[in-house]
Amino acid sequence: MTLRFVLDPDLTPELREQIVALWTDVSNAGGAVGFVPPVTTADVRSIADPTLAGIADGPDRLLIGYADDRLVAMTIFTDNRFHLKTHYRVLTRVMVHPDTQGHGYGLDVMREAERIGRQLGLEALQITVRDGLGLDRFYRRLGYREVGRLPGALRVAPGDDRDEIFMWLDLTRTNALSRS
């Protein structure tokens, strides 16, 4: 099943709750989306509310993916809020519900993000990855390349510091992702 995508959906109270639930489930399954398990919906809401405000009232754009009528994937095109960086966006909160993984939805959401980035006239997409989970290999397969790394920048637990990896997709060139 292919996902049905919606860019810039109406952020109704119901959709906001679905996003918080998705974010909580992904976090508790070990997803690197800003938390370390265990988290509650209240924990997630403390970050989700200002994040969603940046979408509703600001320059950020939300892409959500549905399997049938169920929200199962999302990412945010985060504006850099700096006039010298208007030519690219940072993809944040890339997530797929844990019980739908293995269906290619991660690839689907990234393909759609690339398509939209090109449609918006962006020259590049950046993503930041927590090291130690193999996520950098996934994004490399999609045409992203590592462009920087902050050693030990993410403290996920006492004595467990992870590198923060910066990855970049040049949208001005054809790459493996857009050809597949």
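Computed from a predicted structure; not experimentally measured.

1. Regarding helix α1 (residues 13-28)
- With 16 residues, α1 extends 22 Å from end C-alpha to end C-alpha; this agrees with the ideal 22 Å at 1.5 Å per step.
- Within α1, burial applies to Leu 15, Ile 19, Val 20, Leu 22, Trp 23, Thr 24, Val 26 and Ser 27.
- Looking at the buried side of α1, the elements it contacts are α2 (41-56), β2 (61-67), β3 (70-78) and β4 (88-96).
- Directly after α1, the chain includes Gly 30, whose backbone phi takes a positive value near 100°.

2. Structural notes on the packing of aromatic side chains
- In the structure shown here, the tally under the stated rule is four aromatic pairs.
- With a centroid separation of 6.3 Å and an interplanar angle of 70°, the aromatic rings of Trp 23 and Phe 35 are classed as edge-to-face. Residue Trp 23 is located in helix α1, and its partner Phe 35 is located in the loop between α1 and α2; the two are separated by twelve residues in the primary sequence. For the pair Trp 23 and Phe 35, one class covers both residues: buried.
- Ring geometry for Phe 138 versus Tyr 139: centroids 5.0 Å apart, planes at 75°, classification edge-to-face.
- Here Tyr 139 falls in the buried class, since its relative accessible area comes to 7%.
- Aromatic rings pair up to connect Phe 138, Tyr 139 and Tyr 144 into one cluster.

3. Remarks on the pairing of β3
- Along β3, eight of the nine residues are buried, which leaves the element largely enclosed by surrounding structure.
- Where β2 and β3 come together, seven bridges link them in antiparallel fashion. Looking at β3, one finds that Ala 67 is bridged to Arg 70.
- Once β2 ends, the chain turns through two residues before running back antiparallel as β3, passing Asp 68 with a positive phi of about 55°.

4. Brief notes about the environment of Ile 116
- Structurally, Ile 116 can be placed in helix α3 (residues 105-119).
- Assessed through its relative accessible area of 3%, Ile 116 is described here as buried.
- Along the primary structure Ile 116 and Leu 63 are separated by 53 residues, whereas in three dimensions their C-alpha atoms are 9.3 Å apart.
- Not counting the four nearest positions on each side in its chain, Ile 116 is found in contact with Leu 7, Leu 63 and Phe 77.

Scoring rules and cut-offs
Residues numbered from 1 in each chain as written. Predicted model: local features only at pLDDT ≥ 70, side-chain atom pairs only at ≥ 80, totals over all residues. Heavy atoms only, no water. Helix = DSSP H or I, 4+ residues; strand = E, 2+ residues; numbered from the N terminus. Expected span 1.5 Å × (residues − 1). Buried < 20%, exposed > 50% of the residue type's maximum accessible area, 1.4 Å probe, protein only. Contact = heavy atoms within 4.5 Å. Phe/Tyr/Trp six-rings, centres within 6.5 Å; stacked < 30°, edge-to-face > 60°. Pairing = 2+ DSSP bridges.

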